[in-house]
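# Architecture and fold: a report
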Amino acid sequence: MTLRIFIAVAALCAAGSAWAGGDVARGQEKSKTCQACHGADGNGVGDPQYPIIAGQYADYLAVALKAYRAKKRDNMIMQGFATTLSDQDIEDLSAYFGAQTSKITDLSHE
């Protein structure tokens, strides 16, 4: 009986993690507005005022977007965009940009 309970709990946990998080393909579809500043793949558009978000941890991106949406992170441009995003939009966008490869090769701060 204990083994059955363990298997049932494990199955529910696995199913829950499959439902959680974002979808990379949906995130790419939703990223058109973001691309103007962050680039198609999150590697920027050559202007240092726009952060490179490619390869950033998806969890970090989601927390940042939710903070912009709640106006707890100060940037009027990002707040304007983020206020229109649902939780699922944020998860999808975070998954997409997090799955990209950053082209930053020099991480020194010289």
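Above this text is the structure in question.
Residues numbered from 1 in each chain as written. Predicted model: local features only at pLDDT ≥ 70, side-chain atom pairs only at ≥ 80, totals over all residues. Heavy atoms only, no water.

## Focus: helix H4 (residues 58–69)
Taking 1.5 Å of rise per residue, 12 residues should cover 16 Å, and H4 covers 16 Å from first to last C-alpha, within 8% of that figure. All buried positions along H4 are accounted for by Leu61, Ala62, Ala64, Leu65, Ala67 and Tyr68. At its buried positions, H4 is contacted by helix H5 (76–82) and helix H6 (87–99). (Helix = DSSP H or I, 4+ residues; strand = E, 2+ residues; numbered from the N terminus. Expected span 1.5 Å × (residues − 1). Buried < 20%, exposed > 50% of the residue type's maximum accessible area, 1.4 Å probe, protein only. Contact = heavy atoms within 4.5 Å.)

## Overview of H6
Relative to the 18 Å expected for 13 residues at 1.5 Å per residue, H6 spans 18 Å between its end C-alpha atoms, a close match to the ideal helical length. Among the residues of H6, Asp89, Ile90, Asp92, Leu93, Ser94, Ala95, Tyr96 and Phe97 are the ones counted as buried. At its buried positions, H6 is contacted by helix H2 (24–30), helix H3 (32–38) and H4.

## Focus on the state of the cysteines
Inspection of the entire model under this criterion finds 0 disulfides. Looking at Cys34, it has no disulfide partner, and the nearest cysteine sulfur is the one in Cys37, 8.9 Å off. You can call Cys34 partly exposed: its relative accessible area is 22%. (Disulfide = S-S within 2.5 Å.)

## Quick notes on the pattern of salt bridges
Working definition: two side chains of opposite charge can pair if their charged atoms are close together. Enumeration over the complete set of coordinates arrives at 6 salt bridges. Between Lys103 and Asp41 there is a salt bridge, with the nearest N and O atoms lying 3.5 Å from each other. Of the two residues, Lys103 is situated in the segment after H6 and Asp41 in the loop between H3 and H4; the sequence distance between them amounts to 62 residues. Since its relative accessible area comes to 59%, Lys103 is described here as exposed. On the accessibility criterion, Asp41 (23% relative accessible area) is partly exposed. (Salt bridge = Lys/Arg side-chain N within 4 Å of Asp/Glu carboxyl O.)

By themselves, these figures tell us nothing about what the structure is for.
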